[in-house]
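Residues per chain are reported as follows:
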Amino acid sequence: MPVVVAPEFRPPAFLRSAHMQTILPALLRRRLGVTYQHERLELSDGDFLDLDWARCGEKNPRLAILTHGLEGDANAGYIRGIAAALGAAGWD
């Protein structure tokens, strides 16, 4: 497929390598201070659901539900990042 529009992305000189663009953000990732309230729901079939709430306000009408992958958890960097961004925008 031909490129119709030339890309406008120009990385800084120290990030010209695609490898550095991948590795550096992982090394310099910010530690986001998201505080969770943990809740466990016991189900009638003996199973359970673990919920981690990142509350923004007392009676906030907006709620986002984030789900991680099979190997992840609520402390995964990408989950904490989106939870922090949503909290800053006023979402629980």
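All residue numbers refer to positions counted from 1 along the written sequence of the respective chain. Where local features are concerned, this predicted model is filtered to residues with pLDDT of at least 70; where side-chain atom pairs are given and counted, the filter is 80 or more; whole-chain, interface and lining totals use all residues. Only hydrogens and water are removed before side-chain values are computed, so all heavy atoms of the structure are retained for them.

**Details of the overall build of the protein**
Then comes step 1: Here a helix means four or more residues in a row that DSSP labels H or I, a strand means two or more in a row labelled E, and each is numbered from the N terminus. Each helix and strand in the protein was counted, giving 2 helices and 2 strands.
Then comes step 2: For 92 residues, the compact-globule estimate of 2.2 N^0.38 gives 12 Å, and the C-alpha radius of gyration of the protein, at 19 Å, exceeds that figure by more than 25%.
Then comes step 3: With respect to the three principal axes, the spread of C-alpha positions in the protein is 55 × 30 × 30 Å.
Then comes step 4: Partly exposed residues are those whose accessible area sits between 20% and 50% of the maximum for their type, while under 20% is buried and over 50% is exposed, using a 1.4 Å probe and protein chains only. Residues counted as buried form 11% of the 92 residues belonging to the protein. This radius of gyration counts C-alpha atoms alone. The globule rule is 2.2 Å times how many residues there are, raised to the power 0.38.

**What about the pairing of strand β2 (residues 48–53)?**
It is a general feature of regular strands that their side chains alternate between the two faces of the sheet.
Then comes step 1: A pair of strands is considered paired only if DSSP assigns at least 2 bridges between the two. Relative to β2, strand β1 (residues 37–42) runs antiparallel, the two being bridged by 6 bridges. Of the residues in β2, the one forming a bridge with glutamate 42 is phenylalanine 48.
Then comes step 2: Where β1 folds back on β2, the antiparallel hairpin that results is connected by 5 residues, among which glycine 46 adopts a positive phi of roughly 90°.

**Details of the side chain of aspartate 92**
Then comes step 1: Looking at the secondary structure, you find aspartate 92 in the segment after α2 (77–88).
Then comes step 2: Setting aside chain neighbours within four positions, we find aspartate 92 in contact with Ala54, Arg55, Cys56, Gly57, Asn60, Arg62, Leu63 and Ala64. Any pair of residues with heavy atoms lying within 4.5 Å of one another is described as a contacting pair.

**Examining the environment of histidine 38**
Then comes step 1: Looking at the element boundaries, histidine 38 is found in strand β1.
Then comes step 2: Owing to a relative accessible area of 52%, histidine 38 belongs among the exposed residues under this scheme.
Then comes step 3: For histidine 38 and leucine 49, which are 11 residues apart along the polypeptide, the C-alpha to C-alpha distance reads 11 Å.
Then comes step 4: Once you skip the residues sitting within four places of it in the chain, histidine 38 turns out to touch Asp50, Leu51 and Asp52.
Then comes step 5: Any pair of N or O atoms that falls within 3.5 Å is considered a polar contact. Within protein, one atom must be able to donate a hydrogen and the other to accept it, and sequence-neighbouring residues count only if both atoms are side-chain atoms. Side-chain polar atoms of histidine 38 contact the side chain of aspartate 52, separated by 2.8 Å.

**Notes on the environment of leucine 63**
Then comes step 1: Positionally, leucine 63 belongs in the loop between β2 and α2.
Then comes step 2: With 21 residues separating them along the chain, leucine 63 and glutamate 42 place their C-alpha atoms 22 Å apart.
Then comes step 3: Once you skip the residues sitting within four places of it in the chain, leucine 63 turns out to touch Trp53, Trp91 and Asp92.

**Thoughts on the layout of surface pockets**
Over the atoms rolls a probe the size of a water molecule, and in doing so it shows where empty space is left.
Then comes step 1: Quantified by volume, the largest pocket comes out at close to 700 Å³.
Then comes step 2: In this analysis, the protein atoms alone were mapped onto a 1 Å grid. Cavities are point sets where a 1.4 Å probe fits without being able to get out; pockets are open sets with protein on both sides within 12 Å along at least five of seven lines; lining residues have an atom within 4 Å of a point. Around the largest pocket sit 26 residues that line it, and Asp52, Trp53, Ala64, Ile65 and Leu66 are the ones nearest its centre.
Then comes step 3: Mapped onto the lining of the largest pocket, the elements with two or more residues apiece are β2 and α2. Grid points are joined across faces, edges and corners, and a volume is the space filled by probe spheres set on the points.

**Overview of the confidence of the model for the protein**
Then comes step 1: Per residue, pLDDT measures the predictor's confidence, with a range of 0 to 100. Scored by pLDDT, the protein comes out at a mean of 86, with 98% of its residues at no less than 70.
Then comes step 2: Across the protein, the secondary-structure element scoring lowest on mean pLDDT is helix α1 (residues 18–27), at 85, and the one scoring highest is β1, at 95.

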